[in-house]
Amino acid sequence: MKKIDRKDFLKIGAGAVVGGVAGYTFSGAPFLGFQWLVEWSQDQYVPAGGVEKYVQAISESCVNGCKVSVRKIGERAVKIESKEGVCPSCLNALQLLYHPERVATPLKRSGEKGSGKFKAVSWDEALKDISAQINKAISEGKANSIAAVNKNESINGLLMEKFVRAVGSNNVYYEPTWKSLTSQALGGYIKYDFAATDYVLSFGAKLIEGWGNPVEMQKVFVDWKKKGVKLVQVDSVCTRTASVANEFVGIKPGSEAALAFGIANYLITEKRMTSTGADFAKWSQIIINKFPLSKVAALTGIAEDKIKKIANDFAQSKNPVAVAGKGAYGMSGSSAEIIAVYCLNTLVKSRAASLVKDSEISYVAEFSGIDKFAKEGNFSILILNNSNPVHNSVYGEELKKKMGKALVVAITPLINDSAAYADYILPTLSFLEVETPQNKAAVIKQNEAKDAKEIIISLASMVEKAKAAMPKQVSDVYNISNKEVAAGSFSFNVDKIKNDIDLYEKKLTDKEYPVTLVPMEVPLVCNGEGLAFPYVLKSIDPTILKLGKFYVQMNKDTAKKYGFSEGSSIKITSARGKIKAYVHLTDTVAPETVAIPLGFGHESYTKYGNDKGVNPKKIMTADIDPLTGIADWWSTRVKIS
Amino acid sequence: MIVKDSKMKRKWGMAIDLDKCTGCGACSLACNQENNMPIFEDDSDVPKRVAFLELMKVTNDRDAKFPDVKTAYLPKMCQQCEGNDTHGHKADPPCVSVCPAVATDVGDDGVVSQIWSRCIGCRYCQTACPYEARVFNWWKPEYEGTFKEGLNPEVSVASRGTIVKCTFCSHIWKRERDKAVAKGILDINAVTYTPACAAACPTGAIVFGDLNDPNSEISKLAKSDRAVRLVNAIDDQPEDKKKALMEKKQYPNPKVYYLTSQKWLRDMMRFKKNS
Amino acid sequence: MVQFIKNIFQESSKNMRITLYVLITLVVLFAIFAIQILFWGLGYTDMNNNFTWGAWIIGDLGLVALGGGAFTTGYLLYIFRVDKLRPIINSTVLLGFMCYLFTFVFLLFDLGQPLRCWFGFAYPNWGKGVYPASMLTEVFFCLSIYFCILCVELIPTILEHKVLIKNKVIATIAHYMHVLMWTMAAAGTFLSFFHQGSLGGGMWGVLYGRPVWYSPHFFFMAVVAAIAGGTSFMTMMPYIAGKVMKKEVVPMETYQILTKVSGIVFVGYFIFRVYDVYTAIVKYAPMNFRDYFDMWGGYYGIWMLVLEFILIISAIFFLVQKKYREQEKFMVIGATSGILAIVTSKLSVLLHGFSVPNFPWKGFTAYMPTIQEWAITFGCFACMILIYMIFAKWFPLFPHLEHEEHEAHH
């Protein structure tokens, strides 16, 4: 046998290597290697599987009481479904449930107020300290310096109201809703029977965009379409409600009340209609003298004939109804306007609008409304029940200062603009983690947070004075029944609103501030609550927020007049301050008007909600309404440059 | 498993009634949740945004001035184009024939599929799509911390650098089908389903169903006078001219119908001379 | 090695040193940003879901079209035996090789999943017959095969290096490769016709959903464009090299042949382009219910079309007429116009094409490449220039030059 020499050895070696490489290549292994490299280099996340299950849940934190069906994979909730429709915040429940910035344990402030520095404490420690301070205030005879701000009239809100009143304080407030606004202006809130009406005259109420009870209104809208109910929308921005309306009446911003005065004037003088409300004679005299049709036409920019036609159509319909309360989620309206619009209902004797009250919610407090409280109120303890007045109130800055001197307790799942100034943050559960009489909790608790009801009850149990009046355990809460009861008779309250009516015309024609700033609402953002949720951010239109730039909308002709073009920057100055934004040109906005998206400009609302746009409330008019105690901020006179 | 009748008879289609749409955005939220859309801190880079369903705000201020203007929200997802046979050519959606890696195809139920893990990210299909319905993962899809808990295991998380798109939630069909099979129903045509957007619509504006079934609601809606397809002016042509054109040239021929009684919306579907 | 590089810098003139510094800086930037793009994705570019392609595809289109001069020249030399083209063929082949090489580089950057690039071969979209369904599948295959051919064509240039050619075996191989090169040229031309058409035009022409691009003859027009522009490009590069080296690297008569070809083909291209615009106006735009002139707007307006036509006419004017072409400066103006005409047309296909709104309620969009895109684009060009310089310095890129030197030596 021939000895294998070095050369042969190398040949064999080289052959083996070549063969090996060829074999490896043609085996496809390198390609699999590539595939593996792709996966490894990208770290693809694979959601865990599991058994599919559907469970039911009812929301107690929203006023609509949304019913949802939760799709679960194992213990994880992956989808919210509903056959009946849900409000945006309930539809977002999963994004809240699994929000990485959810507060997991009770927090105590550890830095300066507003610095956002907190440290975790136990429930016991937090509740003990808070209740001790409440007890101290009560024993010192300062029970009335304990205040609470509720987000809405849900069960949680109701329970908080009960607690504050039991403590001996009169300081319980609600963020402006259509209910709280009208209750204060009219002595009861207007219950609309939208199913019975055949003609709806809306004064800027964004009826299908979240006004009132959004779930209910969606159904009403479908019903109207079927029945052919006529909807007339009066507004200075062409919203979706304006577009689905049978008629859109474009109006100069802020002059909605003038139109109501004009129509009332016409119906009273020409059609000899009267209202049964107290002070009607006095009121009608003012209106007839001050707001003849010619002047109304000038103020509103709507021709006299058109006003007459609207008035005639309204009066001649079988069961017409006029709706006040501008906005969808951010509600606003002066009492002069609410009264004037309700007067129209009484003039035509509408059967679709009646005044009612809630048996458990009076809206009667130390101050007539939240803005007045923020401006003038004094408190040593403030409890924020899921509310965010710092962001939502035009007096947010003032409130912030006052919160610096008081004990502030925020009951909330996420640290919002107001909670950032709190001394204690008591985290609440998502409604999916809460057991209700109908359902078990849909998902297991994600952290140490507690149900808002439970928090309020445990707090109450530690406050001597409140103990007796409050439910002992969560199941007792459901025994509180909040019934609808008839409201007292309707009064025009002329003495209180006369001054406002007198000044109204002047306000509309301020020469120093020639342009009007009005808010516009964005789908899913609501009044800012939605911004913490990434899937809401995903649906924001590029005409509102694009590449970090925040846009206000302006009429093309107006833009030309003031020298703006698409995308140019704009400084908006009101008597209260100035803000900066960019301009988007669109004729969906009335001339001489700037429409600014509402709900943006959070100072502290998770990293998703922060640093996005500006909060127009900072510069919006802050004249407090004499009846509602809420600023009529909807239209603000500004100058632009 | 031997299935007796295994030929797919259904052709899924969608009708979106813009007269009923309130622009609430529920469809968009539901879609994002169902399809595991990536979560970014700032999603205001709209041109690079990853979402299957775009809630387009449409106004007619091109044609009108305040207060004669109108606003609508138009939920736009993949239009599931069908294409049309021309000169004996096989009909294909604009995006399918161009893919160099066969990552996208038309199913026998008419749904244009997209396989995330096959896509090489050349974006040719995106270029071909006249509806901007395909989106590219410019950044790595992120799901911060506990957000991962809410992910749907039926839709795989895409890699960076791949094209993703609406597939009419066809994983829900599969889910329904699996349930039927578990019950012993093997007929492939036994199940129908509802995509996430249609299920979430509170006013019932989104109708989904089988276009091959002449009695289905969708078939009737698709034939109604109110039906118009996105920016597809060929729908406005007289029937014979339309037919002649369709033989000469391919058109996307989508299976998503928009219903509107509003003239302004129909006008906005057409391009007009620049002023 | 360091000494070697030092020497290069010391030997060079001041201008050359500055040029080298600039080119090397660009290459370094290219390397840095390449890592960023490959590891962290295309988010750093200004491309988006609407402007799906950007600078790199413009680079691709331009390089392939201009690199197409290689197949024309090769075809003329090896098939038609226009021997006067021999002095330029090495340069042409190198340019073609680099154009295609960097087309691959650009394409790789443009892929969202560069690691999956082999899917194009593993799962090709072949439709039913032989002809691929996807234009990109065709690009994948034709481009790769043609690139291989260019590699083969380039080998003799390397083998003819004065050190290597001394080896008998290598000399024989080089010789026979030259002799058999016509087969490669023929195959290359065949392939080139396809991918010129597909990448340059067919890719866009088949997009029936996009009225701005849809045109069935776009494929063929791109082939003509590549022949017209490519020959100009193949003239200009050695011409510039000659100016830099201050030597006659390629005889004037060679340039004349190529520019004449370029000019004549530009006449064809002009007619084709006029036909293209005409059919778009009267047939294809209306078929999509769009107005052709309405689609020109935004930043990339009708001026792009006007500019393109001015450049085409300039190329024709200076290159077709013998009296102008034979004057060096007019030949240069003509050939440069020709190159620019093709570049403009590719820019217009891409920038204008993507900027056109798909929905009547949307406006024209714009695209501004980010630093990453600029760096990678110009970094690639810098690489190309450096490679060309290396070949010009150390390899027999210009046989004519060596021939001259040889003569002088004697």
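> Help me understand the overall build of chain A, please; the structure alone is not making it clear to me.
Helices and strands together make up the secondary structure of chain A, namely 24 helices and 24 strands. Dimensions of chain A, computed from C-alpha atoms along their principal axes, come out at roughly 130 × 65 × 45 Å. In chain A, which comprises 641 residues, the proportion classed as buried is 61%. When the accessible surface of chain A is summed, it comes to about 24600 Å², and 53% of that surface belongs to carbon and sulfur atoms. Across chain A, 82 positive and 67 negative side-chain charges occur, with their mean positions spaced 3 Å apart.

> Would you mind showing me how to read the interface of chain A and chain B here?
Quoted interface sizes are often the accessible area lost when the parts come together. Between chain A and chain B, the residue contacts involve 76 residues of the former and 67 residues of the latter. Summing both partners gives a buried area of about 6000 Å² for chain A against chain B, and 54% of it is carried by carbon and sulfur. By the criterion of area lost to chain B, the three top residues of chain A are Arg240(A), Tyr535(A) and Lys538(A), representing 14% of everything that side buries. Applying the counting criterion to the chain A and chain B interface returns eight salt bridges. When the shortest N-O distance is used, the salt bridge between Asp587(A) and Lys65(B) registers 3.5 Å.

> Is there a simple way to think about helix H5 (residues 123-139) of chain A in this case?
Because an α-helix completes one turn every 3.6 residues, residues spaced three or four positions apart along the sequence face the same direction. All names here are of chain A. Compared with an ideal rise of 1.5 Å per residue, which puts 17 residues at 24 Å, H5 spans 24 Å between its outermost C-alpha atoms and is within 8% of the ideal. Turning to H5, its buried residues are Trp-123, Ala-126, Leu-127, Ile-130, Ser-131, Ile-134, Ala-137 and Ile-138. Seen along its axis, H5 keeps its buried residues to an arc of 115°; they face one direction. Exposed residues pointing more than 90 degrees away from the buried face of H5 are listed as Lys-128, Lys-136 and Ser-139. Positive backbone phi, approximately 80°, marks Gly-141, located one or two places after H5.

> Help me understand helix H10 (residues 252-287) of chain C, please; the structure alone is not making it clear to me.
Residue and element names in this part refer to chain C. With 36 residues, H10 extends 49 Å between its outermost C-alpha atoms, agreeing within 8% with the 52 Å of an ideal straight helix rising 1.5 Å per residue. Maximum bend of H10: about 50°, positioned at Ala-280. Note on H10: the residue one or two positions beyond its end, Phe-289, has a positive phi of about 60°.

> Looking at this model, I keep getting lost on the packing of aromatic side chains. Mind explaining?
Working definition: an aromatic ring pair is given by the centre-to-centre distance plus the angle between the planes. Summed over the entire model, instances satisfying the criterion amount to 75 aromatic pairs over all chains. Their ring planes at 85° and their centres at 4.9 Å tell us that Tyr342(A) and Phe490(A) sit as a pair that is edge-to-face. On the criterion of sequence distance, the pair formed by Tyr342(A) in helix H14 (residues 335-347) and Phe490(A) in the loop between strand S17 (484-486) and helix H21 (494-508) is long-range, its members being 148 residues apart. Like Phe490(A), Tyr342(A) is buried. Ring geometry for Trp126(C) versus Phe141(C): centroids 5.4 Å apart, planes at 50°, classification tilted. Of this pair, Trp126(C) sits in the loop between helix H6 (119-122) and helix H7 (135-159) while Phe141(C) sits in helix H7, and the two are 15 residues apart along the sequence. For Trp126(C), a relative accessible area of 32% translates into the label partly exposed. An aromatic cluster is built from Phe261(A), Phe280(A), Trp283(A), Phe291(A), Tyr342(A), Phe490(A), Phe492(A) and Tyr504(A), whose rings are joined through pairwise contacts. Here the guanidinium or amino end of Arg123(B) rests over the ring plane of Phe136(B), the centre of that ring lying 4.9 Å away.

> I keep staring at a nonpolar patch on the surface and nothing clicks. Help me out?
Residues and elements named next belong to chain C. Side chains of Tyr-75, Ile-79, Phe-80, Tyr-176, Val-179, Leu-180 and Trp-182 sit close together on the surface and give an oily, nonpolar patch of about 700 Å² of accessible area. For the nonpolar patch, the secondary structure elements donating two or more residues are helix H4 (69-79) and helix H8 (168-205). It is H8 that contributes the most residues to the nonpolar patch, four residues altogether. When you line up the elements, Tyr-176 lands in helix H8.

> Would you explain the interface of chain A and chain C in this entry?
Every contact between the two is made by seven residues of chain A and, on the other side, five residues of chain C. Of the roughly 590 Å² buried between chain A and chain C, counting both surfaces, carbon and sulfur atoms make up 66%. Its largest share of buried area at the contact with chain C, chain A owes to Phe31(A), Phe34(A) and Val38(A), together 61% of the area lost on that side. At the boundary of chain A with chain C, the tally comes to zero salt bridges. One can count zero residue pairs in polar contact (both at pLDDT 80 or more) joining chain A with chain C.

> How do you make sense of the sheet that holds strand S15 (residues 407-411) of chain A when you look at a structure like this?
Sheet strands pair via backbone hydrogen bonds, and the direction of the pair is either parallel or antiparallel. All names here are of chain A. One open sheet accounts for seven strands, arranged S5-S4-S16-S15-S14-S6-S7; its pairing is mixed. Each edge of the sheet is formed by a strand with only one pairing partner; in this case those strands are strand S5 (118-120) and strand S7 (171-174). In this sheet, neighbouring strand axes are inclined to one another by 20° on average, regardless of whether the strands run parallel or antiparallel. Pairing of strand S6 (residues 146-150) with S7, which is carried by four bridges, proceeds in the parallel orientation. Its bridge partner lying in S7, Ala-148 is registered against Val-172.

> Whenever I open this one, the pairing of strand S2 (residues 54-59) of chain B confuses me. Can you help?
One face of the sheet, then the other: side chains in a regular strand alternate in exactly this way. Residues and elements named next belong to chain B. S2 sits mainly inside the fold: five of its six residues count as buried. In the sheet, S2 pairs with strand S3 (residues 71-76) via six bridges, with the strands oriented antiparallel. Counted as the bridge partner of Met-56 is Leu-74 from S3.

> Could you clarify how one ought to interpret the nonpolar core in this entry?
As a rule of thumb, soluble globular proteins bury nonpolar side chains together. Counting 237 residues, the largest nonpolar core has Leu267(A), Trp283(A) and Leu432(A) as its most contacted members. The dominant element in this core, judged by the number of residues it contributes, is helix H10 (residues 256-269) of chain A, at 10 residues. Excluding anything up to four places from it in sequence, Trp283(A) contacts Phe261(A), Ala264(A), Ile268(A), Ile339(A), Ala340(A), Cys343(A), Phe492(A), Val494(A), Ile497(A) and Ile501(A). Formed by 134 residues, the second largest nonpolar core is a distinct cluster that contains Phe30(C), Val64(C), Cys99(C) and Tyr388(C).

> I'm lost on the packing of H4(C) against helix H5 (residues 86-110) of chain C in this one. Help?
The relative placement of two packed helices comes down to the angle between their axes together with the axis-to-axis distance. Residue and element names in this part refer to chain C. Running from N to C, H4 and H5 point in directions that differ by 150°, and their axes come no closer than 9 Å. Judged on the interaxial angle alone, H5 and H4 are roughly antiparallel. The handedness of the crossing between H4 and H5 comes out as left-handed. For the pair H4 and H5, contact is made by Gly-69, Ala-70, Thr-73, Gly-74, Leu-77 and Tyr-78 and by Arg-86, Ile-88, Ile-89, Thr-92 and Gly-96, respectively.

> Would you mind going over the domain arrangement of chain A with me for this structure?
Residues and elements named next belong to chain A. Under the domain assignment, chain A is made up of domain 1 (6-42), domain 2 (107-170 + 365-478), domain 3 (180-358) and domain 4 (510-640). In this structure, domain 2 and domain 4 have C-alpha centres spaced 30 Å apart. Contacts between the two partners involve 22 residues from domain 2, matched on the other side by 28 residues from domain 4. Roughly 1700 Å² is buried in total at the junction of domain 2 and domain 4, and carbon and sulfur atoms are behind 50% of that figure. Among the residues of domain 2 in contact with domain 4, His-391, Val-394 and Leu-414 are the three that bury the most area, contributing 35% of the side total. Where domain 2 meets domain 4, there are two salt bridges. Its salt-bridge partner being Glu-529, residue Lys-151 comes within 3.0 Å of it at the nearest N-O pair. Counting the contacts that link domain 2 with domain 4 gives 15 residue pairs in polar contact (both at pLDDT 80 or more). Contributing elements (two or more residues each) for the side of domain 2 that touches domain 4: helix H15 (370-376), helix H16 (389-392) and helix H17 (396-403).

> What's the story with the environment of Lys220(B) in this structure? I'm lost.
All names here are of chain B. Looking at the secondary structure, you find Lys-220 in helix H5 (residues 217-223). Considered as a pair, Lys-220 and Trp-12 are 208 residues apart in the sequence and their alpha carbons are 13 Å apart. When residues no more than four places from it in sequence are discounted, the contact partners of Lys-220 are Pro-214 and Asn-215.

> Would you mind showing me how to read the packing of helix H2 (residues 14-40) of chain C against helix H14 (residues 371-394) of chain C here?
All names here are of chain C. Interhelical geometry of H2 versus H14 gives an angle of 130° and a closest axis separation of 7 Å. Judged on the interaxial angle alone, H14 and H2 are oblique. As H2 packs across H14, the resulting crossing turns out to be left-handed. The residues of H14 that touch H2, namely those facing Met-16, Leu-20, Leu-23, Ile-24, Leu-26, Val-27, Leu-29, Phe-30, Phe-33, Ala-34, Gln-36 and Ile-37, are Ile-371, Gln-372, Ala-375, Ile-376, Phe-378, Gly-379, Cys-380, Ala-382, Cys-383, Ile-385, Leu-386 and Met-389. Its residues assigned to classes, the contact of H2 with H14 comprises 21 nonpolar, three polar and no charged.

Criteria and cut-off values
Residues numbered from 1 in each chain as written. Chains lettered and ligands numbered in written order. Predicted model: local features only at pLDDT ≥ 70, side-chain atom pairs only at ≥ 80, totals over all residues. Heavy atoms only, no water. Helix = DSSP H or I, 4+ residues; strand = E, 2+ residues; numbered from the N terminus. Buried < 20%, exposed > 50% of the residue type's maximum accessible area, 1.4 Å probe, protein only. Areas by Shrake-Rupley, 256 points an atom, 1.4 Å probe, with all protein chains shown as cover. Lys, Arg positive; Asp, Glu negative; His and termini not counted. Charge placed at Lys NZ, Arg CZ, Asp CG, Glu CD. Contact = heavy atoms within 4.5 Å. Buried area = accessible area lost by both parts, 1.4 Å probe. Salt bridge = Lys/Arg side-chain N within 4 Å of Asp/Glu carboxyl O. Expected span 1.5 Å × (residues − 1). Arc of directions from axis to C-beta. Bend = angle between axes of the 7 residues up to and from the residue. Phe/Tyr/Trp six-rings, centres within 6.5 Å; stacked < 30°, edge-to-face > 60°. Lys NZ or Arg CZ within 6 Å of the ring centre and 35° of its normal. Patch = residues over 30% accessible without salt bridge, like charges linked within 9 Å, V, L, I, M, F, W, Y side chains within 5 Å. Polar contact = N/O pair within 3.5 Å; in protein donor to acceptor, adjacent residues only side chain to side chain. Pairing = 2+ DSSP bridges. Axes fitted to C-alpha atoms, helices over the stretch in contact; angles between N-to-C directions. Core = buried A, V, L, I, M, F, W, Y, C linked by side-chain atoms within 4.5 Å. Parallel < 35°, antiparallel > 145°, perpendicular 65-115°, else oblique. Left-handed = near helix turned anticlockwise from the far one by under 90°. Domains from an automatic or database assignment. Nonpolar A, V, L, I, M, F, W, Y, C, P; charged D, E, K, R; others polar.

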